[in-house]
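# A closer look at the structure
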Amino acid sequence: VEAHTHDFLEIAYILEGTLVHSGGGHTCTAGAGEYFVIDDGVAHVFRCPKGPAKVFNCLFRPAFLDNTLRSCRGMDDVLQSYWIHVRPGFRFGPYSGAAFADEDGRVRENLEAMRREFERREPGHMAVVRARLLELMILTLRRLRLEREETADGDVAFLKTMAETRFQEPLLLETLAETLHRDPAHLSRKFRRECGCGFKDYLQHRRMEEARRLLANTDRLVADVAASVGYRDRKFFNRLFLKETGTTP
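Presented here is an overview of the structure given in this document.

Rules of the game
- Residues numbered from 1 in each chain as written.
- Predicted model: local features only at pLDDT ≥ 70, side-chain atom pairs only at ≥ 80, totals over all residues.
- Heavy atoms only, no water.
- Helix = DSSP H or I, 4+ residues; strand = E, 2+ residues; numbered from the N terminus.
- Expected span 1.5 Å × (residues − 1).
- Buried < 20%, exposed > 50% of the residue type's maximum accessible area, 1.4 Å probe, protein only.
- Contact = heavy atoms within 4.5 Å.
- Axes fitted to C-alpha atoms, helices over the stretch in contact; angles between N-to-C directions.
- Parallel < 35°, antiparallel > 145°, perpendicular 65-115°, else oblique.
- Nonpolar A, V, L, I, M, F, W, Y, C, P; charged D, E, K, R; others polar.
- Salt bridge = Lys/Arg side-chain N within 4 Å of Asp/Glu carboxyl O.
- Core = buried A, V, L, I, M, F, W, Y, C linked by side-chain atoms within 4.5 Å.

This next bit is on helix α7 (residues 199–217). Taking 1.5 Å as the rise per residue, α7 with 19 residues should run 27 Å; its terminal C-alpha atoms sit 27 Å apart, in good agreement. Listing the buried residues of α7 in full gives Phe199, Tyr202, Leu203, Gln204, Arg206, Arg207, Met208, Glu209, Glu210, Ala211, Leu214 and Ala216. Among the structural elements, α4 (154–165), α5 (173–180), α6 (184–195), α8 (222–228) and α9 (234–245) are those in contact with the buried residues of α7.

Here is the structure:
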């Protein structure tokens, strides 16, 4: 396949033969049971040096997973969404086009299950395909060792849990530090060191993520959505939303 780019994400799983892929700064040779995940916009080339190869291709845009991603294009947008929650600051770009090994066959199992669902078209088949695709992506991340806890620190874990589960409340680091009997400044530095951002930014990102989900998938009014994620001032919410997403609610 000659050098090309596309505006969707591609998963290329080798079923038979050998495939050489060049793109994203990598040139990799892969055989049966290995696969590539190629981001959109990445110029790449496929070659079969040892005769024909049989490849299972899965092509999709982020919006397939959820309406909140309809303005997104790349894998990074998917990985930072509420679906998966990769650590802040992680970028998939350097791994685009790298070869992954499907040691236990679970990736192929998901691809085959997705194809069966498409062919049979039974009730709810698209939901099953989405679920299988998400599992496939998470299995890929685990091969990068990104799904393990970044730290065993209980204080940071507590703050993250509060931001994830009680984001609609007026959470303040100072108040939470008092609950933990910790110095706020020290706790702030620890959180930033482990998570790559401050607690306030982490909390705001979680709130905006939930707001995007509600706006894209429900008929609730903007003011109602803002209140449900912890913002009583709609104008302030609008400014934060615009800053976070690049568009207005």
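With that settled, the discussion passes to the packing of α7 against α9. A pair of packed helices is characterised by two quantities: the angle between their axes and the separation of those axes. Between α7 and α9, whose axes approach to 10 Å, the crossing angle comes to 95 degrees. As judged from the angle between their axes, α7 and α9 are roughly perpendicular. On the side of α7, the interface is formed by Gln204, His205, Met208, Ala211, Arg212 and Leu215, while α9 contributes Phe237, Leu240, Phe241, Glu244 and Thr245. Residues of the contact of α7 with α9, tallied by class, amount to six nonpolar, three polar and two charged.

Bringing the pattern of salt bridges into the picture now. A complete count under the given rule lists 16 salt bridges for this structure. Between arginine 206 and glutamate 210 there is a salt bridge whose closest N-O contact spans 3.8 Å. Of this pair, arginine 206 and glutamate 210 both sit in helix α7, separated by four residues, roughly a single helical turn. A cluster of three or more residues bridged by salt bridges with shared partners is formed by Glu164, Arg206, Glu209, Glu210 and Arg213.

Ranked by size, the top nonpolar core spans 29 residues in total, and within it Ile11, Leu111, Leu133 and Met137 carry the most contacts. Mapped by element, the contributors of at least two residues to this core are β1 (9–16), β4 (34–38), β6 (54–60), α1 (75–79), α2 (106–120) and α3 (125–142). Top contributing element to this core by residue count: α3, with seven residues. With sequence-adjacent residues up to four places away left out, leucine 133 is seen in contact with Ile11, Cys58, Phe60, Phe64, Leu65 and Met114. The next biggest cluster of nonpolar side chains, apart from the first, holds 28 residues, and it includes Phe199, Leu214, Ala226 and Phe241.

These figures come from the coordinates and say nothing about function on their own.
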